[in-house]
Amino acid sequence: LSEVDKKFPTLPFTLAHFDDERAAKMGVTECVSHGLLTPYPVLHEQKDAKVAHFKCTVLLLPSGTSRVTGLDMPTYYKTDKKPDEETQKLLTDLAEIAAKKAKKKAAKKKKKKAASN
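Residues numbered from 1 in each chain as written. Predicted model: local features only at pLDDT ≥ 70, side-chain atom pairs only at ≥ 80, totals over all residues. Heavy atoms only, no water.

S.K.: Just to check I follow, could you spell out the overall build of the protein chain for this structure?
M.R.: The number of helices and strands found in the protein chain is three helices and two strands. Across the protein chain, helices and strands are ordered from the amino to the carboxyl terminus as α-α-β-β-α. Taken against the 2.2 N^0.38 rule, which gives 13 Å for 117 residues, the C-alpha radius of gyration of the protein chain at 22 Å runs more than 25% over that of a compact globule. If you line up the protein chain on its principal axes, its C-alpha atoms span 60 × 50 × 20 Å. For the protein chain, the proportion of its 117 residues judged to be buried stands at 6%. Across the protein chain, every contact between residues at least 6 apart in sequence was considered, and the portion connecting residues at least 24 apart equals 16%. Taken as a whole, the protein chain presents about 11400 Å² of accessible surface, with 58% of it coming from carbon and sulfur. (Helix = DSSP H or I, 4+ residues; strand = E, 2+ residues; numbered from the N terminus. Rg over C-alpha atoms; globule rule 2.2 N^0.38 Å. Buried < 20%, exposed > 50% of the residue type's maximum accessible area, 1.4 Å probe, protein only. Contact = heavy atoms within 4.5 Å. Areas by Shrake-Rupley, 256 points an atom, 1.4 Å probe, with all protein chains shown as cover.)

S.K.: Teacher, can you tell me more about the layout of surface pockets here?
M.R.: If a probe as big as a water molecule is rolled over the atoms, it shows which places are left empty. Here the largest pocket defines a volume of roughly 350 Å³. What lines the largest pocket is a set of 16 residues, and nearest its centre among them are Pro-12, Phe-13, Leu-37, Thr-38 and Tyr-40. Where the lining of the largest pocket is concerned, the elements lending two or more residues are α1 (2–7) and α2 (21–33). (1 Å grid on protein atoms, 1.4 Å probe; cavity = no way out; pocket = protein on both sides within 12 Å on 5 of 7 lines; lining within 4 Å. Points joined across faces, edges and corners; volume = space filled by probe spheres on them.)

S.K.: Would you mind showing me how to read helix α3 (residues 85–116) here?
M.R.: Since one α-helical turn is 3.6 residues long, residues separated by three or four positions face the same way. For α3, with 32 residues, the first-to-last C-alpha span of 46 Å sits near the 46 Å given by 1.5 Å per residue. Burial analysis of α3 places just zero of its 32 residues in the buried class, a small minority of the element. Regarding α3, its N-cap is Asp-84, as a side-chain oxygen of that residue lies 3.3 Å from the backbone nitrogen of Glu-86 further along. (Expected span 1.5 Å × (residues − 1). Polar contact = N/O pair within 3.5 Å; in protein donor to acceptor, adjacent residues only side chain to side chain.)

S.K.: How should I be thinking about a nonpolar patch on the surface in this particular structure?
M.R.: Residues Leu-90, Leu-91, Leu-94 and Ile-97 make up a contiguous nonpolar surface patch of about 380 Å² in total accessible area. Relative to the helices and strands, Leu-94 is located in helix α3. (Patch = residues over 30% accessible without salt bridge, like charges linked within 9 Å, V, L, I, M, F, W, Y side chains within 5 Å. Salt bridge = Lys/Arg side-chain N within 4 Å of Asp/Glu carboxyl O.)

Scope: geometric values only; no functional claims are made or implied.
And the structure:
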């Protein structure tokens, strides 16, 4: 763990980066099992395909979602395409279900707060 902290304080790494790969594998396995390190899944794609992996942190707020960290998506990854009717209906239905759950949760919280006063 100390070698990971020194060489890769915030970046992902592979076992190939260590001098003694066998010892590193045992140490990393132990650290993962105790929650000290988080494994990143290996991304697989078709041969010669291009893969991009973007990560960010978002806040899920009642007023909407807000991205607070991460780089802006490059313009060539954005699209003007709109979802087809079926997909749009599904998205709308999911949003309505989420709104109903949020409303029900808020009412329950308000009721519980009123009962405790």
